[in-house]
Amino acid sequence: MDALYLFVIAAVIASFGISIVLRSSMEKLVLEPQTFAQIQSRLFIYVAVIEALPLILIVFGFMTLMDSTVNLFIPITIVAVSVLVNFILNLMKKSELVSGAPELKEKLMTFFLIGNVLMTAIPIVAIVATFVR
């Protein structure tokens, strides 16, 4: 398998996995607002577990990067679409939850911002790695 597609797989796994956990955490926050710290701690633990496989794929991708012969357009497009779709899904979920619980707007915004930054970390590494070769 080409190194660039290892980066793409890592980015897709990370963005979808973290996005799913983020939306789930925001829903739990609305149901139990008094457990904000516990939900936030679990979010970080889940993110660490989810990023384990993508980090291994990134390492293997860098090990075989010099042998890559794939055009850059397709891998970068897949990564960008993956991040964009998950960002939109996260934004829709946050908006839905804020309309139902306006008193939690600040906490939901905190989760949304932290989650989206975590969600884009591996895809950014994947995009930068495609230009390294």
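Position labels on residues start from 1 in each chain and follow its written sequence. Local features in this predicted model are restricted to residues of pLDDT 70 or higher, and side-chain atom pairs are both shown and tallied only at a pLDDT of 80 or more, whereas totals for entire chains, interfaces and linings draw on every residue. Computation of side-chain values covers all heavy atoms of the structure but excludes hydrogens and water.

Q: Would you take a moment to explain the side chain of K93 for this structure?
A: A run of DSSP states H or I qualifies as a helix once it reaches four residues; a run of E qualifies as a strand once it reaches two. Both are numbered from the N-terminal end. Note that K93 resides in helix α4 (residues 73-100). At a separation of 2.6 Å, a polar atom in the side chain of K93 contacts the side chain of E27. Contacts are assigned to residue pairs with any non-hydrogen atoms lying within 4.5 Å of each other. In this view, K93 contacts R23, M26 and E27; residues no more than four positions away in its chain are not counted. Pairs of N or O atoms within 3.5 Å make up the polar contacts considered here, provided that, within protein, one atom can donate a hydrogen while the other can accept it, and that residues adjacent in sequence are counted only when both atoms are side-chain atoms.

Q: Honestly, the pattern of salt bridges in this entry has me stumped. Any pointers?
A: Close approach of charged atoms allows side chains with opposite charge to pair. By salt bridge we mean one thing: a side-chain nitrogen of Lys or Arg within 4 Å of a carboxyl oxygen of Asp or Glu. Counted under the stated rule, the structure contains 2 salt bridges. Here E27 and K93 are joined by a salt bridge, their closest N and O atoms 2.6 Å apart. A residue pair is termed long-range when its members are at least 10 positions apart, and E27 in helix α1 (residues 3-31) and K93 in helix α4 qualify at 66 residues. One salt bridge connects K93 with E96, and the closest N-O pair in it is separated by 3.7 Å. Placement of the pair is K93 and E96 together in helix α4, with a separation of 3 residues, close to one helical turn. Exposure remark for K93: the relative accessible area of 15% places this residue in the buried category. Under the scheme applied here, a residue whose accessible area is under 20% of the maximum for its type counts as buried, over 50% as exposed, and between as partly exposed, the area being computed with a 1.4 Å probe on protein chains only.

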